[in-house]
Amino acid sequence: MQIKRFEAADMQEAMRQVKETLGPEAIILSTKTVRRPAGPTRMPRPSLVEVVAAADHPVTEKPQATPKASPFWLPKLETQRNSASPLENPFLQKMLSAGISPEFVRELAKDLRGWRAESRREGTPESSLHYLRWKLMEAVEVTGPEAKGAKVWSFIGPTGVGKTTTMAKLAAHFSLRLAQKITLVTIDTYRIGAVDQLKTYARILGLPLEIATGREEFQEILWSNRDRDWVLVDTAGRNPYSQEQLEELKGILTADPRVENHLVLSATTKDLDLAQVVQRFSLLPIRSYIFTKLDETDEYTSLFNQLLRFKRPLSYLTSGQKVPEDIELASKGKVASLVLNRIPWN
Ligand SMILES: Nc1nc2c(ncn2[C@@H]2O[C@H](COP(=O)(O)OP(=O)(O)OP(=O)(O)O)[C@@H](O)[C@H]2O)c(=O)[nH]1
Ligand SMILES: [Mg+2]
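For clarity, every value in this text was computed on a predicted model and none was experimentally measured.

Enquirer: Help me out: how do you make sense of the packing of helix 2 (residues 90–97) against helix 3 (residues 102–119) in this one?
Expert: At a minimum axis separation of 10 Å, helix 2 and helix 3 run at an interaxial angle of 170°. With respect to helix 3, the axis of helix 2 lies roughly antiparallel. Between helix 2 and helix 3, the residues in contact are Leu92, Met95 and Leu96 and Pro102, Val105, Leu108 and Ala109, respectively. Here the residues of the contact of helix 2 with helix 3 sort into seven nonpolar, no polar and no charged.

Listed below in structure tokens is the structure:
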């Protein structure tokens, strides 16, 4: 497998270079815009497009003698042969430039070709966009609060992503709008001020708050709150690279099999960082993803890629600091709009 990096002034030129060097069967692994450092005159220079592409049989160079093990996120070349190339389609090129998973776009290229052949459509821009929207919606899974049974929901994730705020938003929604009996629990006795932050929300919402300092205490609290409709559990932000911190979290949350873990992630996190975070937090079963801070970015392809990479349903999206307003139940249509509305189609 030959992997090469290309830089060009725009995506069209980069794709031309990819085809010329690696051939039309090349697979795009990633695309991004890179800023060139200012020159000696300190004048900012125009940015470049960087494309990383791979091919089995490059046109101009021989494959390497000893192939290296590929990182887990690279698509497998064997499964890609003889499929339609996204390089041929301007719509798909745009999706690639926007950062959508090259593997997904490649599949889309195949499906789009099949759909056009089947429906004998010329493929107007409108019909192609409709089709893309439908495929995006089909690719993601969403979930919400289920109808019956007591629930214990924990909110886990890296530091500062909005776990406590999201929990307060949901507590307000469940107790004020749905008239459910709620108890708030925190196992975050780690960060200074964390308990006070939740105490403030509990006081404003008029909800009981319990503090657990370890596994046994957590178990006892859940037992004594077994008649509640919902027990919402706040946890300390954990560094995904600290196995010790994650094991400690697991030690407490596995005290009761009713605990369902919702992984809170920020929409501002970079694509591959998200992959690492999710992989490391997966030492606990993840019931759903909650994405926060949608208002702090206008690029949602990382969010979308994450929903495909480790398939878990998306439950809630938050887009602001206001409690309880800035939260909504996720829908497939919303995800598709977030992704497609940001791509400059013209
Ligand atoms: N813009 C924006 N800010 C948010 C959102 N959700 C939370 N925040 C803010 O993010 C900051 C951190 O929120 P917290 O809820 O304390 O985050 P946390 O994950 O509990 O943090 P730790 O417990 O320290 O790990 C606060 O200033 C929140 O107001 C959101 O959807 N949009
Ligand atoms: Mg917190």
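Enquirer: For this particular structure, what's the right way to read the sheet that holds strand 3 (residues 48–55)?
Expert: As a general point, the strands of a sheet are linked pairwise by backbone hydrogen bonds and lie either parallel or antiparallel. Ordered in space as 1-3-2, the three strands form an open sheet in which the pairing is antiparallel. A single partner strand is all that each edge strand has here, and the edge strands are strand 1 (2–8) and strand 2 (27–34). Put simply, the sheet's adjacent strands are angled 15° from each other on average, direction ignored. As judged from the seven bridges shared by strand 2 and strand 3, these two strands associate in the antiparallel manner.

Enquirer: What should I look at first to understand the site of ligand 1 in this one?
Expert: Near ligand 1 you find 21 residues, and of these Gly162, Lys163, Thr164, Thr165 and Gly237 are the closest. Considering each element in turn, the shell around ligand 1 owes the most residues, three residues, to helix 5 (residues 163–177).

Enquirer: Is there a simple way to think about unusual backbone geometry in this case?
Expert: Leaving glycine out, the prevailing phi sign among residues is negative, and the prevailing peptide bond configuration is trans. Cis geometry is adopted by the peptide bond preceding Pro324, which originates at Val323 and carries an omega value of 5°. Even without glycine at this site, Lys293 takes up a positive phi of about 60°. Take Lys293: it is sitting in the loop between strand 9 (286–292) and helix 10 (301–309).

Enquirer: Looking at this structure, I do not really get the confidence of the model for the chain. What am I missing?
Expert: If pLDDT is low for a region, its predicted coordinates should not be looked at in detail. Here the chain averages 85 in pLDDT, and 85% of its residues register 70 or above. Here residues 60–68 scores under 50 on pLDDT; set against residues more than four positions off or in separate chains, the count is nine contacts. Every residue in residues 73–83 scores below 50 in pLDDT, and together they form 15 contacts with partners more than four places removed in sequence or on other chains.

Enquirer: Before we go on, may I ask you to explain the nonpolar core in this structure?
Expert: In globular proteins that are soluble, nonpolar side chains generally tend to be buried together. Among the nonpolar cores identified, the biggest contains 82 residues, and Ala53, Ala171, Leu232, Val233, Phe291 and Val335 are the most heavily contacted of them. Built from parts of two domains, this core gets at least three residues from each of domain 1 (2–139) and domain 2 (151–340). Setting aside anything within four residues of it in sequence, one finds Val335 in contact with Leu136, Val140, Phe304, Leu314 and Ala330.

Scoring rules and cut-offs
Think of each chain on its own: its residues are numbered from 1, step by step along the sequence as written. Labels follow written order: the first chain is A, the first ligand is 1, and so on. Local features in a predicted model are, by the rule used here, given only for residues with pLDDT of at least 70; side-chain atom pairs are given and counted only at 80 or more, and totals for whole chains, interfaces and linings are based on all residues. Note on geometry: axes are C-alpha line fits, over the in-contact stretch for helices, and angles between N-to-C directions span 0 to 180 degrees. Numbering goes from the N terminus for both helices and strands, where a helix is a DSSP run of H or I of at least four residues and a strand is a run of E of at least two. Comment on the angle field: the value is read as roughly parallel under 35 degrees, roughly antiparallel over 145, roughly perpendicular from 65 to 115, and oblique elsewhere. By the convention adopted here, residues are in contact when the distance between their C-beta atoms, placed from the backbone, does not exceed 7 Å. Side-chain classes follow a simple rule in which Ala, Val, Leu, Ile, Met, Phe, Trp, Tyr, Cys and Pro form the nonpolar group, Asp, Glu, Lys and Arg form the charged group, and the remainder, Gly included, forms the polar group. The pairing criterion is simple: DSSP has to find at least two bridges between the two strands. Nearness rests on one distance test: the residue's C-beta atom, set from the backbone, must lie within 6 Å of the molecule or strand. The pLDDT value expresses, per residue, how confident the predictor is, ranging between 0 and 100. Here a nonpolar core is just a set of buried residues of the types Ala, Val, Leu, Ile, Met, Phe, Trp, Tyr and Cys, joined wherever their C-beta atoms sit within 7 Å. Whether a residue is buried, exposed or partly exposed follows from its count of other C-beta atoms within 10 Å of its own C-beta, namely 20 or more, 12 or fewer, or something in between, respectively; the C-beta atoms are built from the backbone. Domain extents, as shown, originate in an automatic or database domain assignment.

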